[in-house]
Amino acid sequence: MKLLEIRNLAVEFATSRGRFRAVDGVDLTLDAGEILCVVGESGSGKSVTMLALMGLIAWPGKVSADVMRFDGTDLLGLSPRQRRKLIGRDIAMVFQEPMTSLNPCYPVGWQIAEALRAHAAVPRAKVRDRVVELLDQVGIPAPASRMGAFPHQLSGGMNQRVMIAMAIACTPRLLIADEPTTALDVTIQKQILDLLIGLQRQHGMGLVLITHDMGVVAETAQRVQVMYAGQMVEEQGTDGLFATPRHPYTAALLDALPERAMGRPRLPTIPGMVPGIDDRPDGCLFNPRCRFTFDRCITTPPALASIGDARARCHTPLDGQGRPA
Amino acid sequence: MSTALMQATDLRRHYPVGGGLFGKKGLVKAVDGVSFTLREGETLAIVGESGCGKSTLARMATLLEPPTEGELAIDGHPTATASATARRDLRLSVQMVFQNPYGSLNPRKTVGAILQEPLAINNRGDGPAREAAARAMMRKVGLRDDQFTRYPHMFSGGQRQRIAIARALMLNPRVVVADEPVSALDVSIQAQVLNLMMDLQEEFRLAYLFISHDLSVVRHIARDVMVMYCGRPVEQGSKDTIFTDARHPYTRMLLAATPSVDPAHRKVTEVIKGELPSPLNPPPGCAFASRCPHSTDICTAERPALREVAGHGVACHHAEAIG
């Protein structure tokens with residue numbers, strides 16, 4: 001059985017101009033012990049997808065899916081009480097911006113202990129020891145004395161470690177990390193990613209890593225999903241994605257990276273920008289910016305097509321040479 | 001050789017801190033001995049982690065703060081001895097582009113007003129001339145004429161950064177200091193803005209002081225690179241030698257820590273342990289010694305000076321052995 005199985009997820013928000021689909025037709029499956037990266041530009045719906053999974057979309061947002069199961073449990077049909085039991089224990093999330101996600105009024109040790117107490121994960125007398133152990137596990141020096149520190153007394157990297165310690169407190173089976181390293185320096189980013197992967201291996205967790213950084217994807221993921229304007233446009237193994245991207249958007253995104261443009265003075269760009277709430281085109285959402293647009297792209301929204309080991313939401317997925325098939 | 005637009009010699013900026021009722025007095029050496037030469041049409045990239053003094057250096061380069069010690073000359077004129085009026089003119093020739101285009105534009109002014117403001121403050125031209133100049137600059141940075149009367153919130157991040165760049169260029173500066181100009185932008189937008197910056201550099205023969213922590217962007221845009229650590233340059237020289245033959249262990253680790261977009265290059269490298277030491281009490285000797293795998297007794301005792309190794313400047317006692 002899959003650890004996580006989501007099919008045809010949609011998240012809608014009621015706006016003054018009618019319903020807006022922030023996420024549309026997203027599939028997501030994950031095995032235990034697998035690392036999946038979800039990559040996309042800002043506004044592509046990555047975070048909303050994960051919030052929907054965690055049950056954190058509040059009214060007027062509306063979540064619907066054909067299937068949304070965690071280890072056999074239907075997540076959509078859960079009562080709030082059942083959900084609270086599951087979330088934080090079996091499914092945990094590391095949010096971006098540790099400085100704003102932690103409560104500034106409580107010491108970090110107390111905040112980690114809160115997760116343990118809420119789920120009665122360890123006997124009350126052992127909570128303190130477990131917190132020290134967790135802080136040690138995430139690589140915070142002198143953990144016993146750091147327990148009493150407040151978030152403002154720690155650096156961004158240290159606070160992100162506290163967030164991770166909090167998330168893994170109850171040894172979850174699924175960890176969702178939403179841009180865990182975006183606000184951090186590269187050397188600290190490397191430390192945090194190594195830490196996450198180490199913990200993932202050690203506990204056999206499933207790890208969903210949300211990022212906009214293609215470098216992070218290349219270094220960590222086993223499988224990648226690319227999101228664009230609320231839709232999943234491509235899914236492929238990491239090596240395949242970087243060698244032979246199948247969706248024109250993925251290909252253009254990779255071409256725009258300075259690292260891939262070595263020696264050329266001008267970077268290839270994607271014209272225009274991600275469509276917003278009220279300028280979504282008909283047909284394929286990428287058609288105004290795509291190099292290969294033809295009649296059908298403008299009229300008909302493409303379905304996910306299988307090509308090789310990949311799936312791409314395109315009428316004419318690219319072949320190995322970067323040309324439409 | 002083109003002319004040196006900005007010449008910094010041993011710049012230092014120290015801030016006294018503390019000294020309250022019970023506090024101990026201290027001295028933060030935010031920038032401690034930086035020298036560089038920036039020529040017309042060239043880009044010098046300043047690289048380093050947060051807290052290494054990049055932004056303090058930018059504040060000194062834009063004459064927002066005087067250096068505590070050292071000499072900064074713009075276009076051959078030393079800034080320290082210049083009269084107040086001369087300093088004002090020098091200040092005009094160095095303009096700045098900030099990191100966050102969402103915070104650096106006044107939300108209550110239209111794009112047109114934002115672009116005309118530098119001209120109005122400095123009494124350049126009359127109303128119609130200022131408007132014409134603003135419209136011409138908008139076209140140069142790839143904005144449409146009908147966007148002249150729009151407000152910043154009506155633009156995307158990339159367009160806002162274009163506005164910020166246009167504003168910086170309104171007074172025809174010689175040097176543009178760009179503090180992380182693309183780090184808040186998405187990849188596809190980042191490419192557009194980088195292309196624009198390179199086009200404008202060519203057109204106006206601008207010199208860029210480009211502050212960034214993204215090494216792949218630096219490698220693309222810069223000619224020279226200076227890697228800073230704890231307020232001091234640890235490695236400085238042309239981009240080609242630094243990226244291919246880095247000799248300072250910190251630079252090497254920075255390069256290794258930067259994720260590559262080639263999955264085949266998935267590196268199992270030693271990570272840098274620990275974090276930046278406090279600038280309040282910098283350790284004697286090499287500031288990087290506590291995190292460095294190559295450190296020996298001399299590193300904690302004696303501060304290494306910047307010296308020539310492998311065609312560029314390196315501040316490490318063991319630079320010859322590493323490589």
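Residues numbered from 1 in each chain as written. Chains lettered and ligands numbered in written order. Predicted model: local features only at pLDDT ≥ 70, side-chain atom pairs only at ≥ 80, totals over all residues. Heavy atoms only, no water.

### Details of the overall build of chain B
Point 1. Broken down by element type, chain B carries 10 helices and 12 strands.
Point 2. The C-alpha atoms of chain B give 21 Å as radius of gyration, which agrees with the globular expectation for 323 residues (20 Å, within 12%).
Point 3. Expressed along its principal axes, the backbone C-alpha trace of chain B runs to roughly 70 × 55 × 50 Å.
Point 4. Looking at the 323 residues of chain B, the share that counts as buried comes to 54%.
Point 5. For chain B, restricting intrachain contacts to residue pairs at least 6 apart in sequence, the fraction spanning at least 24 positions comes to 64%.
Point 6. With 37 positive and 33 negative side-chain charges, chain B shows a spacing of 5 Å between the two charge centroids. (Helix = DSSP H or I, 4+ residues; strand = E, 2+ residues; numbered from the N terminus. Rg over C-alpha atoms; globule rule 2.2 N^0.38 Å. Buried < 20%, exposed > 50% of the residue type's maximum accessible area, 1.4 Å probe, protein only. Contact = heavy atoms within 4.5 Å. Lys, Arg positive; Asp, Glu negative; His and termini not counted. Charge placed at Lys NZ, Arg CZ, Asp CG, Glu CD.)

### So, the overall build of chain A
Point 1. Summing up its helical and strand segments, chain A has 12 helices and 13 strands in all.
Point 2. Taking 20 Å as the expected radius of gyration for a compact globule of 325 residues, we find that chain A reaches 21 Å, a close match to that expectation.
Point 3. With respect to the principal axes defined by its C-alpha atoms, chain A has extents near 70 × 50 × 40 Å.
Point 4. By the burial criterion, 53% of the 325 residues in chain A qualify as buried.
Point 5. Contacts in chain A between residues far apart in sequence, at least 24 positions, make up 62% of those at least 6 positions apart.
Point 6. Within chain A, one finds 35 positive and 33 negative side-chain charges whose respective centroids are separated by 5 Å.

### Regarding the pairing of strand β12 (residues 304-307) of chain A
Residues and elements named next belong to chain A.
Point 1. Relative to strand β13 (residues 310-313), β12 is paired through 4 bridges, and the arrangement is antiparallel. Paired with Ser-306 across the strands is Arg-311, a residue of β13.
Point 2. The loop that links β12 with its antiparallel partner β13 comprises 2 residues; one of these, Gly-308, has a positive phi angle of about 60°. (Pairing = 2+ DSSP bridges.)

### Structural notes on helix α9 (residues 249-257) of chain B
Point 1. Buried residues dominate α9(B), accounting for 7 of its 9 residues.
Point 2. What α9(B) keeps buried is the set B:Pro249, B:Tyr250, B:Thr251, B:Met253, B:Leu254, B:Ala256 and B:Ala257.
Point 3. The inward-facing, buried residues of α9(B) contact α8 (186-203) of chain A together with β3 (43-47), α7 (215-221), β9 (224-229), β10 (232-238) and α8 (239-244) of chain B.

### A few points about the packing of aromatic side chains
Point 1. The tally for this structure, following the rule as stated, stands at 7 aromatic pairs over all chains.
Point 2. Ring geometry for A:Tyr228 against A:Tyr249: centres 4.5 Å apart, planes inclined by 50°, an arrangement best described as tilted. In this pair, A:Tyr228 is assigned in strand β10 (residues 223-228) and A:Tyr249 in helix α11 (residues 248-255), connecting sequence segments 21 residues apart. Across the pair, exposure class does not vary: A:Tyr228 and A:Tyr249 are buried alike.
Point 3. Ring geometry for B:Tyr250 versus B:Phe288: centroids 5.2 Å apart, planes at 65°, classification edge-to-face. Here the residue B:Tyr250 occupies a position in helix α9, and B:Phe288 occupies one in the loop between α9 and α10 (297-301), the gap between them amounting to 38 residues.
Point 4. Among the residues examined, B:Phe288 registers a relative accessible area of 1% and is labelled buried.
Point 5. Within the aromatic cluster, the residues linked to one another by ring pairs are A:Tyr228, A:Tyr249 and A:Phe286. (Phe/Tyr/Trp six-rings, centres within 6.5 Å; stacked < 30°, edge-to-face > 60°.)

### Quick word on empty space enclosed by the protein
All names here are of chain B.
Point 1. All chains considered together, the criterion is met by 7 cavities of 30 Å³ or more.
Point 2. When its volume is computed, the largest cavity comes out at roughly 60 Å³.
Point 3. For the largest cavity, the full set of lining residues is His-248, Pro-249, Cys-286, Phe-288, Ala-289, Cys-292, Ser-295, Cys-299, Pro-304, Ala-315, Cys-316 and His-317.
Point 4. Each residue belonging to the lining of the largest cavity can be placed in one class, and the counts come to 9 nonpolar, 3 polar and no charged. (1 Å grid on protein atoms, 1.4 Å probe; cavity = no way out; pocket = protein on both sides within 12 Å on 5 of 7 lines; lining within 4 Å. Points joined across faces, edges and corners; volume = space filled by probe spheres on them. Nonpolar A, V, L, I, M, F, W, Y, C, P; charged D, E, K, R; others polar.)

### Concerning helix α7 (residues 156-167) of chain A
All names here are of chain A.
Point 1. Here α7 is 12 residues long and its end C-alpha atoms lie 17 Å apart, about the 16 Å a rise of 1.5 Å per residue gives.
Point 2. Of all the 12 residues making up α7, 10 are buried; the element is thus mostly covered by neighbouring parts of the structure.
Point 3. Burial in α7 covers these residues: Gly-157, Met-158, Asn-159, Gln-160, Arg-161, Val-162, Met-163, Ile-164, Ala-165 and Ala-167. (Expected span 1.5 Å × (residues − 1).)

### A word on the sheet that holds strand β3 (residues 35-39) of chain A
Sheet strands associate in pairs through backbone hydrogen bonding, adopting either a parallel or an antiparallel arrangement.
Residue and element names in this part refer to chain A.
Point 1. The strand order β7-β8-β9-β3-β10-β11-β13-β12 describes an open sheet built from 8 strands, whose pairing is mixed. The two strands at the open ends of the sheet, each matched to only one other strand, are β7 (91-94) and β12. The sheet shows a mean angle of 20° between the axes of neighbouring strands, direction not considered.
Point 2. Bridge count for β3 against β10 is 4 bridges, and the pairing is parallel. Bridge assignment links Leu-36 to a residue of β10, and that residue is Arg-223.
Point 3. The strands that α7 touches are β7 and β8 (174-178); relative to β7, the one it contacts most, it runs at about 175°. (Axes fitted to C-alpha atoms, helices over the stretch in contact; angles between N-to-C directions.)

### Examining unusual backbone geometry
Working note: non-glycine residues mostly have negative phi, and peptide bonds are mostly trans.
Point 1. Residue A:Pro60 follows A:Trp59 across a cis peptide bond; omega there is 10°.
Point 2. Checked against the element boundaries, A:Pro60 lands in the loop between α1 (46-54) and β4 (61-64).
Point 3. Backbone geometry places A:Asn8, a non-glycine residue, at a positive phi of 55°.
Point 4. As for its position among the elements, A:Asn8 is in strand β1 (residues 4-15).
Point 5. For B:Cys230, which is not glycine, the phi dihedral falls at a positive 55°.
Point 6. Looking at the secondary structure, you find B:Cys230 in the loop between β9 and β10.

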